[in-house]
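A look at the structure
Below, each chain spelled out in residue letters.
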Amino acid sequence: MSLAEVKAVVADVADQTRTAAELVRRARDGVAESVRILTDLSRQHPESLVPVVLSRAVDELDRCHDHVAGALQAVGDLDARL
């Protein structure tokens, strides 16, 4: 495999990782919006309507985004060294 081919593969990985980061961000925003809506509705209900796991999902998606961002940085560093 030539250097040009390796650089092309690294560029493809970077594109896919950027897409993954965007999808994780959108998922996090969607879950956070659901939590906000359920929190508002809970004010009219005797018990919270927000499942605990849904609240935890926001934190998990934040951590996932951090990992994907780290992977993107690593791919960028690799590309710079090539």
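The coordinates are above.
Residues numbered from 1 in each chain as written. Predicted model: local features only at pLDDT ≥ 70, side-chain atom pairs only at ≥ 80, totals over all residues. Heavy atoms only, no water.

1. As for the nonpolar core
Grouped burial of nonpolar side chains is what soluble globular proteins tend to show. In plain terms, the rule: Nonpolar cores are built from buried Ala, Val, Leu, Ile, Met, Phe, Trp, Tyr and Cys residues. Side-chain atoms within 4.5 Å join them into one set. Here's how the labels work: a residue is buried when its accessible area is under 20% of the maximum for its type, exposed when over 50%, partly exposed in between, all with a 1.4 Å probe on protein chains only. Going along the chain from the N terminus, every DSSP run of H or I of four or more residues is numbered as a helix, and every run of E of two or more is numbered as a strand. Contacts were defined at the residue level, with two residues in contact if any of their heavy atoms lie within 4.5 Å.
Counting residues in hydrophobic clusters, the biggest one holds 7 residues: Val24, Val31, Ala32, Val35, Val50, Val58 and Leu61. Elements that contribute at least two residues to this core include exactly helix 1 (3-42) and helix 2 (52-81). With 4 residues, the single largest contributor to this core is helix 1. In contact with Val50, not counting residues within four places along its chain, are Val35, Leu38, Thr39, Ser42 and Ser55.

2. Considering a nonpolar patch on the surface
Quick reminder of the rule: Like-charged residues are merged into a patch within 9 Å and nonpolar side chains (Val, Leu, Ile, Met, Phe, Trp, Tyr) within 5 Å, provided each residue has over 30% relative accessible area and no salt bridge. Residue-level accessible areas treat just the shown protein chains as cover; the underlying method is Shrake-Rupley with a 1.4 Å probe. The salt bridge criterion pairs a side-chain nitrogen of Lys or Arg with a carboxyl oxygen of Asp or Glu, the two atoms within 4 Å.
A surface patch of nonpolar side chains, amounting to about 310 Å² of accessible area, comprises Met1, Val9 and Val13. Relative to the helices and strands, Met1 resides in the segment before helix 1.

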